[in-house]
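# Coordinate inspection notes
Chain residues, written in single-letter form:
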Amino acid sequence: MAPGSESPGTDDPPVEAVGLRTHPLTAVVQGALWAVAASAGLIGSILTGDGWGDLGPLISLAGALVGGLLLGMLLGYVSWRFTRYVIDGAELRIGSGVITKSSRRIPYERIQSVDIAEPLVARLFGLAELRIEMAGGKDSRTSLRFLRLSDARDLRRVLLSRAHGEEVATGEDEHRTLITRVPPERVMIGTVLSLDFLLAAVGSVVLVALAIWFGQVVVALGGIIPLGSWLAQIIALRVLQQWDFTLSRGERGLRIERGLLSRTSQTIPFNRVQGIAVKEPFVWRRLGWQRLEVDIAGYAAQGDDQGDNSSSTLLPIADPALAAAVIAELIPHASTRDLVLTRAPRRSWPFAPVGWRYRWIAADEITFVAHEGWIERTTSIVPHSKTQSVELRQGPLQRRRRVATVEVHTPKGPVDADGRHLDERAARDALLAQLARARASRA
Amino acid sequence: MDNLFAPVDGTWQGVSPRLATVRRILIVSLAAGVALVGLVLALVPGLAAWIQVSGWVLVAASVAGGGWGWRWARRNQRSWGYTENADDLLVTRGVMFKRLVAIPYGRMQFVDVQAGPLERAFGIATVTLHTASPETAAQVPGLDAAEATRLRNRLTELGEAHGAGL
């Protein structure tokens, strides 16, 4: 059942026929995850005042824990029994399902990225989940849960080397060089200095103060709970998940390792980057800090289990020099300086009274760059070779102002390379030029 | 500025006028349905006065909406156009809100041809070209069935020839 202990090549017919299993402890982990989910739901309903009928909160909590654990373990065991995976010369096949059998084939060359996630519970058992991303809409992610961490790493190495058309890699992990490690305190300071955190924190404090002042705790509770959960969500997303954020470079791509409770290890292959967004929030800009986000086909198609897309973070906080170095790693020779900018004209102000000053687009031989944003500045960088399509749009109001919008389409994700409300001739010229550049880059 | 949405080279190929017919049938039947409800409300005796008034309002609105839709269907059908360049497919549409989308053939992931029962009765179909980006809105409705098949085959062929992966 350990994939690393057997040869993952094609020269092993029994393996081919029978397939490999995930780790047997999967059932236990699955059960624990269910129990956590069940009791988390219950804690929420206890806090808002309604429990489970006449049962006391503690008893129902215990019931949820045990029930969730048993049910999850049972289902986890059954699905584990019926899940097998096969690695052969051309594809990875995963068969699963008890009643409805399903078999999924993953051709290696279609793999966009391979990530390893260690949810807290699985981490306690030394297990990890392997996530294989392919391009496409929903359901483009394939998970193998759970494998022993070392096996997951082996499998990832095999898949990534096959995805690049190479034969099975050598036994040891490839050589990696550290690019940067973002210290947790820096992430925390960055979070504290972001506007939405400040808003949520100040809002909570004001509400608590008002509640005490007027002595109406119950009324204020209605406002404090959503604000507090928003605050908790911000902290979970920006601090806990980005804890000990480590970015390193390997032969085939960048590797991200992050997380305090649940660890995640992502691989971003060099040639699979669809676009990069440089975000400069209001307060950060004054301190010279930036955040980098990246478009990988398949990443944003489904939110994470927590309903976020923190996996698209390339660098949670960095100074411009480091950010530029990381961009250069992923899109070599892309320059964000010395560009000829096509700015939004002054007459476009009715569409964005303040923001029009900050809108521009530009392009060099490698990338298309679009910039916008007043409170949070966003610079989107899309390589010409990844341009999916280009669109020119004009509504009636825009026509009166002789402006038009040009958009360079990328796969779903944080990068939106739009040049909105530009001069109409300039927008059309940008569209034509972008088509020519995209054509040249594919040739 | 008229030539803002002109094709890069060549001319726009229009879509079949039967698209307008199909849409008019849909619009008129919807408007007729709403008007019928309005009439019932307005004429059934014993209902409150405000219900009768709103019934008449409904009738008026559906007539006005139907009339507007009748004109819209023709104008919109005329605004559609597509052209196959050497490297890209260009699609334009819209009268008030104009759009021009250009999709390099090599970026195409797959092509759909769709035709509902009413469209089939009038012998037209919709061809949709999908890329890896959900923003790409490259559909051409109201194509002759034969032209739709030809366009699909041609696009698939070109997509394979220009295929550039992701």
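Residues numbered from 1 in each chain as written. Chains lettered and ligands numbered in written order. Predicted model: local features only at pLDDT ≥ 70, side-chain atom pairs only at ≥ 80, totals over all residues. Heavy atoms only, no water.

## Describing the overall build of chain B
What counts here: Numbering of helices and strands runs from the N terminus, with a helix taken as a DSSP run of H or I at least four residues long and a strand as a DSSP run of E at least two residues long. Here's how the labels work: a residue is buried when its accessible area is under 20% of the maximum for its type, exposed when over 50%, partly exposed in between, all with a 1.4 Å probe on protein chains only. Working definition of accessibility: Shrake-Rupley area with a 1.4 Å probe, residue cover restricted to the visible protein chains.
Of regular secondary structure, chain B possesses four helices and six strands. Along chain B, helices (α) and strands (β) appear in the sequence α-α-β-β-β-β-α-β-β-α when read from the amino end. Every one of the 166 residues in chain B was classed for burial, and the buried ones make up 40%. Summed over its atoms, the accessible surface of chain B is roughly 8,500 Å², and 63% of this surface lies on carbon and sulfur atoms.

## With respect to the sheet that holds strand E13 (residues 313–318) of chain A
Using the following cut-off: Should DSSP find at least two bridges between two strands, the strands are regarded as paired.
Ordered in space as E13-E12-E11-E17-E16-E15-E14 (chain A), the seven strands form an open sheet in which the pairing is antiparallel. Strand pairing shows two members of the sheet lacking a second neighbour, E13 and strand E14 (342–343) of chain A, which therefore form its edges.

## Brief notes about the pattern of salt bridges
Residue and element names in this part refer to chain A. The criterion, for reference: By definition, a salt bridge exists where a carboxyl oxygen of Asp or Glu is found within 4 Å of a side-chain nitrogen of Lys or Arg.
Scanning all chains against the criterion turns up 25 salt bridges over all chains. Residues Glu-129 and Arg-131 are paired through a salt bridge, measuring 3.4 Å at the closest nitrogen-oxygen approach. Both residues of the pair, Glu-129 and Arg-131, count as buried. Where Glu-129 meets Arg-145, a salt bridge forms, and the shortest distance between an N and an O atom there is 3.5 Å.

## Description of the side chain of Gln394(A)
Basically, it comes down to this: Nitrogen and oxygen atoms within 3.5 Å of one another constitute a polar contact, given that in protein one can donate a hydrogen and the other can accept it, and given that sequence-neighbouring residues count only through two side-chain atoms. Working rule for contacts: check all heavy atoms of both residues, and any pair within 4.5 Å makes them a contact.
By the element assignment, Gln394(A) lies in strand E18 (residues 389–394). Only 3.0 Å separates the side chain of Gln394(A) from the backbone oxygen of Val403(A), close enough to count as a polar contact. Contacts of Gln394(A), omitting those with residues within four sequence positions, involve Arg399(A), Val403(A), Ala404(A), Glu424(A), Leu4(B), Phe5(B), Met96(B), Phe97(B) and Lys98(B).

## As for the pairing of strand E3 (residues 98–104) of chain B
Taken across its seven residues, E3(B) has five buried, putting it largely inside the fold. Strand direction decides the pairing type here: E18(A) and E3(B), joined by five bridges, are antiparallel. Residue pairing in the sheet places Gln394(A) in a bridge with Lys98(B) of E3(B). Two strands pair when backbone bridges link them, and strand E2 (residues 88–93) of chain B and E3(B) are joined in this way by six bridges, in the antiparallel orientation. From the neighbouring strand, Asp88(B) faces E3(B), where its bridge partner is Pro104(B). Turn length for the E2(B)-E3(B) hairpin, with the two strands adjacent in sequence and antiparallel, is four residues, and the turn residue Gly94(B) shows positive phi of about 100°.

## Details of the environment of Val403(A)
Position of Val403(A) among the secondary structure elements: in strand E19 (residues 403–409). Between the C-alpha atoms of Val403(A) and Arg425(A), which are 22 residues apart in sequence, the distance is 8.1 Å.

## Remarks on unusual backbone geometry
Residue and element names in this part refer to chain A. In the segment running from Arg-145 into Phe-146, the intervening peptide bond is cis, with an omega of -10°. For Asp-244, which is not glycine, the phi torsion reads 55° and is therefore positive. Using a relative accessible area of 21% as the deciding quantity, one classes Asp-244 as partly exposed. At Arg-402, a residue that is not glycine, the phi angle is positive and equals roughly 55°.

## Things to note about the packing of aromatic side chains
All names here are of chain A. Note the cut-off: To pair, rings of Phe, Tyr and Trp, with the six-membered ring standing in for Trp, must have centres within 6.5 Å; the planes then decide the type, stacked if under 30 degrees apart, edge-to-face if over 60, and tilted in the middle. When the NZ atom of lysine or the CZ atom of arginine is within 6 Å of a ring's centre and also within 35 degrees of its normal, the charge is said to sit over that ring.
Under the criterion given, the structure shown has two aromatic pairs over all chains. When the ring of Tyr-77 is compared with that of Trp-80, the centres are 5.9 Å apart and the planes differ by 40°; the resulting orientation is tilted. Of this pair, Tyr-77 and Trp-80 both sit in helix H3 (residues 57–81), three residues apart, roughly one helical turn. The partly exposed category is assigned to Tyr-77, whose relative accessible area is 40%. Trp-80 gets classed as buried once you look at its relative accessible area, which sits at 9%. With a centroid separation of 6.3 Å and 80° between ring planes, the pair formed by Trp-284 and Trp-289 is classed as edge-to-face. The class for Trp-284 is buried, based on a relative accessible area of 6%. Taking the ring centre of Trp-284 as reference, the NZ or CZ of Arg-291 above it sits at 5.9 Å.

## A look at the pairing of strand E1 (residues 84–87) of chain A
Residues and elements named next belong to chain A. Pairing analysis gives four bridges linking E1 to strand E2 (residues 91–96), with the strands arranged antiparallel. Across the sheet, Val-86 pairs through a bridge with Arg-93, a residue of E2. Hairpin connection of E1 to E2: three residues between the antiparallel strands.

## Quick notes on the sheet that holds E18(A)
In plain terms, the rule: To get an axis, a line is fitted to the C-alpha atoms, and for a helix only the part in contact is used. The angle between two axes follows their N-to-C directions and goes from 0 to 180 degrees.
Taking strand neighbours across the sheet as the criterion, the six strands line up as E20(A)-E19(A)-E18(A)-E3(B)-E2(B)-E1(B) in an open arrangement whose pairing is antiparallel. A strand with exactly one partner marks an edge of an open sheet, and here the two such strands are strand E20 (417–423) of chain A together with strand E1 (81–84) of chain B. Averaged over all neighbouring strand pairs, the angle between strand axes comes to 15°, with direction disregarded. Examined bridge by bridge, E19(A) and E20(A) share five bridges and lie antiparallel to one another. Bridge assignment links Val406(A) to a residue of E20(A), and that residue is Gly419(A). Its contacts with the sheet place helix H12 (residues 424–442) of chain A against E18, E19 and E20 of chain A together with E2 and E3 of chain B, and it is angled at close to 175° to E18(A).

## What to know about the interface of chain B and chain A
Interfaces are frequently sized by the accessible area removed from exposure as the parts join. Stated formally: Summed over both partners, the accessible area lost on bringing two parts together, with a 1.4 Å probe, is the buried area. Basically, the charged four are Asp, Glu, Lys and Arg, the nonpolar ten are Ala, Val, Leu, Ile, Met, Phe, Trp, Tyr, Cys and Pro, and anything else, Gly included, counts as polar.
Each partner contributes residues to the interface: chain B has 28 residues there, and chain A has 32 residues. Summed over both partners, the interface of chain B with chain A buries about 2,700 Å², with 53% contributed by carbon and sulfur atoms. Arg439(A) is the partner of Asp87(B) in a salt bridge, and the nearest nitrogen-oxygen pair spans 3.1 Å. Connecting chain B to chain A are 14 residue pairs in polar contact (both at pLDDT 80 or more). The biggest single contributor to the side of chain B that touches chain A is E3(B), with seven residues. A class-by-class count of the residues in the side of chain B that touches chain A yields 18 nonpolar, four polar and six charged.

## Let's talk about a nonpolar patch on the surface
Our working rule: Note on patches: the residues involved have over 30% relative accessible area and no salt bridge, like charges join within 9 Å, and the nonpolar side chains Val, Leu, Ile, Met, Phe, Trp and Tyr join within 5 Å.
Together, Leu120(A), Leu124(A), Phe125(A), Leu260(A) and Leu261(A) make up an exposed nonpolar region whose accessible area comes to about 450 Å². The partly exposed category is assigned to Phe125(A), whose relative accessible area is 36%.

## Some details on H12(A)
All names here are of chain A. Note the following rule: Helix span, as expected, comes to 1.5 Å for every residue beyond the first. The directions considered for the arc are those from the helix axis to the C-beta atoms.
Helix length check: H12 (19 residues) gives 27 Å between terminal C-alpha atoms against 27 Å at 1.5 Å per residue, within 8%. Three or more residues of H12 are buried, namely Glu-424, Ala-427, Arg-428, Ala-430, Leu-431, Gln-434, Leu-435 and Ala-438. Axial view of H12: buried residues confined to an arc of 155°, hence all on one face. Where H12 begins, one side-chain oxygen reaches toward the backbone nitrogen of Arg-425, 3.2 Å away; that side chain belongs to Asp-423.

## Thoughts on helix H10 (residues 320–330) of chain A
Every buried residue of H10(A) is accounted for by Ala323(A), Val326(A), Ile327(A) and Leu330(A). Buried residues in H10(A), looked at end-on, bunch into an arc of 100°, giving them a common side.

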